[in-house]
Amino acid sequence: MRSALGGPRLLLRRLREVMAEPVNAQARLDKIVTVIASNMVAEVCSFYVMRADNTLELFATEGLKREAVHLTTMKAGEGLVGLIAQQAEPLNLPNAQSHPSFSYKPETGEEIYQSFLGVPVLRAGNTLGVMVVQNRAHRLYSEEEVEALQTTAMVLAEMIASGELQALARPGLDIALRRRMTLTGEALADGVGLGHAVMHEPRVVISNLIADDPDLEKQRLDEAIDGLRSSIDLLVDHGDVAHTGEHREVLETFRMFANDPGWMRRLREAVLSGLTAEAAVERVQSDNRARMLRQTDPYLRDRLHDLDELANRLLHRLVGRDMVSGQIQLPENAIVVARSMGPAALLDYDRSRLRGLILEEGGPTSHVAIVARALGIPAVGMVENITGLVEAGDALIVDGATGQVHVRPQQDVEDAYKEKARLRARRQEQYRTLRDVPAISKDGVPISLNMNAGLLIDLPHMNATGAHGIGLFRTELQFMIAERMPTPTEQITLYKTVLEAVGDKQVTFRTLDIGGDKILPYMRAREEENPALGWRAIRIGLDRPGLLRAQLRALLKAAAGRHLKIMFPMVASVDEFVRAKALVQREQEHLVRYHHAVPESVKLGVMVEVPSLLFEIDEIAAEADFLSVGSNDLMQFLYAADRENPLISNRFDPLGPASLRALRLIAEAGKKAGIPVTLCGELGGKPLEAMTLIAIGYQSLSMSPAAIGPVKAMLLDLDIRAAREKILDLLDHAGGIATLRPAIEAFARDHGIPI
Ligand code: PEP
Ligand code: MG
């Protein structure tokens, strides 16, 4: 065998010559396998390409029978070649025929070869093919040889990705790179988007794989690693969290990996084998990605993910390109594909061209998801390896209702979705015509339909939907997407803008509901066993009143001369609310003492979302100016079912007897005390649920802006008296029934109520 350094470098140089020759794809492949076989002193070198039907097809061979080319196939998982494809790892066997997976293909004549070395041809962690060398004698290939074959496999991966091999595929048997896929992630923001992929962090296209001067490449690599380390140090100190969506802990992990000797050794070895610095990073990254995709332990997966991200940064550093493409000119109908993204980065894109968002990370409560919903951009998160499976420009469909993503869809799927999008648009148009129609039931009862908001980008929805007001302004959202704690002046400006935008209508500001899943990236989070039940919202506000007091003061100042409504989240006892009221009182007195203008009126309310309040409901109604039911939290605490856990979040129906009785109790307590009661959780935005709530006594609901049209359409056809009679009767006779939903649906159907 040749020396570890001379061999691979020589081989790569020969391959570069072959790549540059003006020959057709088959001739080039034939030459490549010959060059590899001769360089590695192997009697056989074969190249198998993965097809879209998950079958590996022999595309070229030196040593096996020529007739087998394009004839011999095996399924992924079948035989040694199929095993390598499936596991995405090399196999090095001195005695291949005794391996349990060995499968004999008579047309190849391979029975005389004993030793076998196969490596996957990987791109972004996906197996595109398999390279094999074989020898008659029993021998174990050296580590350097395995490395050399993996390096050459990279050259072939680029050849496949360039599309050159597509010409060799037989009709109907496309190679895997272009295959269509339907992937399922988590629905983040409703809607259907059709368009073409724009990579948020464009994958670096490496034009030069093979080094002219390996020493220079090593130096480039070392410099890039040094630069990467200092840039991470800088980010840890002054990270722009809103753009990158990165939390401090992630950056700390990056810092650890950037100094990991194992990682650096693998990078250096890849450079020493003759690759350019960029190609070396891509090689190590691709192996890592393949491991990540097959790793089932969530912790290890996350770490491999971090390492992948770090390699990405190193690549961008080497090619000297900026990481984020938010400022680039978007094509029409852009679907942005990203690993993860901060909320501000999404806002950088031109909204008029953005049709959808797909993320590898990002759950429904992630900040970018909140912004996507506010912008009305269909979005799907937690789509595994989407950045590795999609190329810029690929046709994509995002279904923000089901969480499905169609990659390079078939024409009939595309047509079906186009129709779905058209229908949606038509329905939206109908809802728009309802904008100025008064929200009055068929039997003449006015119902107040309000919208939920939290960002300035939500405000235009007020007029577009004809909402009566903002029933819930989640003040924490602005804090969550900011890079640092908003200053008092910034807070005042924001609240003033909101008050001005609503004009004569009403807005209810909710004080900071942070903690739990709502983390402020610039505030150190505490480790808590059960964050949803932990130190959050009003609990933080009362224990460390500085932040809450500053917010209350900003609200009071912003609303000078106007009517101000404030409500407190997660109140669990009357006592907590009394203490919160005292804080407002104190701030108000302070302003008066120093001759600041104060609001004309201040109304203070309580969010009813912790079940303990149900047992103090009359007392709390006596203390509060209004109540607002946070049904998202109330349901999760009532049923002890985590609202974010898909395994159980839909286990209990809010239209079950327990929740409806609780909701009715709150409405009746408000009525008895003579104070308004609203419901501002997701429940109020679904027509059937909204109908039920109105029937049991709610005269005001607050919901996402998109829900106002459908709920109003329902209301216009609703006879509240009849619905009330029916539903209260159902509720009185609901013993042992899990949900009243079917009976309520039947009522709506029988009365022609659109739900
Ligand atoms: C709720 O809990 O229903 C609610 C409206 O508040 P959030 O969803 O912000 O917790
Ligand atoms: Mg809540």
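So, how was this worked out
- Residues numbered from 1 in each chain as written.
- Chains lettered and ligands numbered in written order.
- Predicted model: local features only at pLDDT ≥ 70, side-chain atom pairs only at ≥ 80, totals over all residues.
- Heavy atoms only, no water.
- Donors = N, O, S within 2.8 Å, 3.2 Å for Na, K, Ca; no water.
- Helix = DSSP H or I, 4+ residues; strand = E, 2+ residues; numbered from the N terminus.
- Buried < 20%, exposed > 50% of the residue type's maximum accessible area, 1.4 Å probe, protein only.
- Near = heavy atom within 4 Å.
- Polar contact = N/O pair within 3.5 Å; in protein donor to acceptor, adjacent residues only side chain to side chain.
- Areas by Shrake-Rupley, 256 points an atom, 1.4 Å probe, with all protein chains shown as cover.
- Phe/Tyr/Trp six-rings, centres within 6.5 Å; stacked < 30°, edge-to-face > 60°.
- Lys NZ or Arg CZ within 6 Å of the ring centre and 35° of its normal.
- pLDDT = per-residue confidence, 0-100.
- Contact = heavy atoms within 4.5 Å.
- Axes fitted to C-alpha atoms, helices over the stretch in contact; angles between N-to-C directions.
- Parallel < 35°, antiparallel > 145°, perpendicular 65-115°, else oblique.
- Left-handed = near helix turned anticlockwise from the far one by under 90°.
- Nonpolar A, V, L, I, M, F, W, Y, C, P; charged D, E, K, R; others polar.
- Salt bridge = Lys/Arg side-chain N within 4 Å of Asp/Glu carboxyl O.

J.: Whenever I open this one, the coordination of the magnesium ion (ligand 2) confuses me. Can you help?
T.: Each pair of donors in an ideal four-coordinate tetrahedral metal site encloses 109.5 degrees, whereas pairs in an ideal six-coordinate octahedral site enclose 90 or 180 degrees. Here the magnesium ion (ligand 2) is held by the protein donor atoms Glu609 (OE) and Asp633 (OD), which lie 2.0 to 2.1 Å from it. On the criterion of sequence distance, the pair formed by Glu609 in the loop between strand 19 (601-608) and helix 21 (617-623) and Asp633 in helix 22 (residues 631-638) is long-range, its members being 24 residues apart. Taken as a pair, Glu609 and Asp633 share a single burial class, namely buried.

J.: Sorry if this is basic, but what is going on with the site of ligand 1 here?
T.: Surrounding ligand 1, one finds 14 residues, the nearest of these being Arg474, Arg510, Lys518, Asn632 and Arg643. Between Arg510 and ligand 1, the recorded distance is 2.8 Å, taken from a side-chain N or O atom to an oxygen atom. Between ligand 1 and Asp633 there is a distance of 3.0 Å, counted from an oxygen atom to a side-chain nitrogen or oxygen. When isolated, ligand 1 has an accessible area of 290 Å², and the protein chains bury 98% of it. Within the residue set of the shell around ligand 1, elements represented by two or more residues are strand 16 (469-474) and helix 22.

J.: Please clarify how the packing of aromatic side chains should be interpreted in this entry.
T.: In this description, an aromatic ring pair is defined by two values, namely the gap between the centres and the angle between the planes. For the structure shown, the criterion picks out 4 aromatic pairs. Taking 5.6 Å as the distance between ring centres and 65° as the angle between the ring planes, the aromatic pair formed by Phe473 and Phe509 counts as edge-to-face. Here the residue Phe473 occupies a position in strand 16, and Phe509 occupies one in strand 17 (residues 506-510), the gap between them amounting to 36 residues. By relative accessible area, which is 0% here, Phe509 ends up buried. Taking the centre distance of 5.4 Å and the plane angle of 65° together, the rings of Tyr495 and Phe509 count as edge-to-face. Note that Tyr495 is positioned in helix 17 (residues 488-502) and Phe509 in strand 17, a separation of 14 residues in sequence. For the residue pair Tyr495 and Phe509, the accessibility class agrees, reading buried in each case. Each member of the aromatic cluster is reached from another via a ring pair, and the members are Phe473, Tyr495 and Phe509. The aromatic ring of Phe626 is capped on one face by Lys565, whose charged end is 4.6 Å from the ring centroid.

J.: Which parts of the structure should I look at to understand the confidence of the model for the chain?
T.: Any residue range with low pLDDT should be treated as having predicted coordinates unsuitable for detailed reading. In the predicted model, the chain carries a mean pLDDT of 90, and 96% of its residues have values of at least 70. Confidence drops under pLDDT 50 across residues 1-5; counting only partners more than four residues distant or on other chains, this segment forms 11 contacts.

J.: Would you mind showing me how to read the environment of Glu600 here?
T.: Looking at where Glu600 falls in the secondary structure, it is placed in the loop between helix 20 (574-593) and strand 19. Residues Glu600 and Leu318, 282 residues apart in the sequence, show an inter-C-alpha distance of 60 Å. Residues within four places of Glu600 in sequence aside, it is in contact with Gly561, Arg562 and His563.

J.: Sorry, what's going on with the packing of helix 23 (residues 657-673) against helix 26 (residues 720-732) here?
T.: Angle between the axes and distance between the axes are the two parameters that describe a pair of packed helices. Here helix 23 crosses helix 26 at 125°, and the two axes come no closer than 10 Å. Taken as axis vectors, helix 23 and helix 26 run oblique relative to one another. Here helix 23 runs over helix 26; the crossing is left-handed. Contacts between helix 23 and helix 26 involve Pro657, Leu660, Arg661, Arg664 and Glu668 on the former and, on the latter, Arg724, Leu728, Leu731 and Asp732. Residue composition of the contact of helix 23 with helix 26, grouped by class: 4 nonpolar, no polar and 5 charged.

J.: Looking at this structure, how should I read the pattern of salt bridges?
T.: Two side chains bearing opposite charge may form a pair once their charged atoms approach each other closely. Going through the model one piece at a time under the given rule, you end up with 52 salt bridges. Notably, a salt bridge pairs Arg123 with Glu391, separated by 2.8 Å at the nearest N-O pair. Remark: Glu391 occurs in the loop between helix 13 (386-389) and strand 13 (395-399) and Arg123 occurs in strand 5 (residues 115-123); sequence separation between them is 268 residues. Accessibility expressed as a relative area gives 17% for Arg123, which makes it buried. With a shortest N-O distance of 2.9 Å, Arg549 and Glu587 are connected by a salt bridge. Separated by 38 residues along the polypeptide, Arg549 in helix 19 (residues 545-558) and Glu587 in helix 20 bring together distant segments of the chain. For Arg549, a relative accessible area of 23% corresponds to the partly exposed category. Among the ionic contacts, a cluster of salt bridges with common partners joins Arg289, Asp308, Glu309, Arg313, Arg339 and Glu360.

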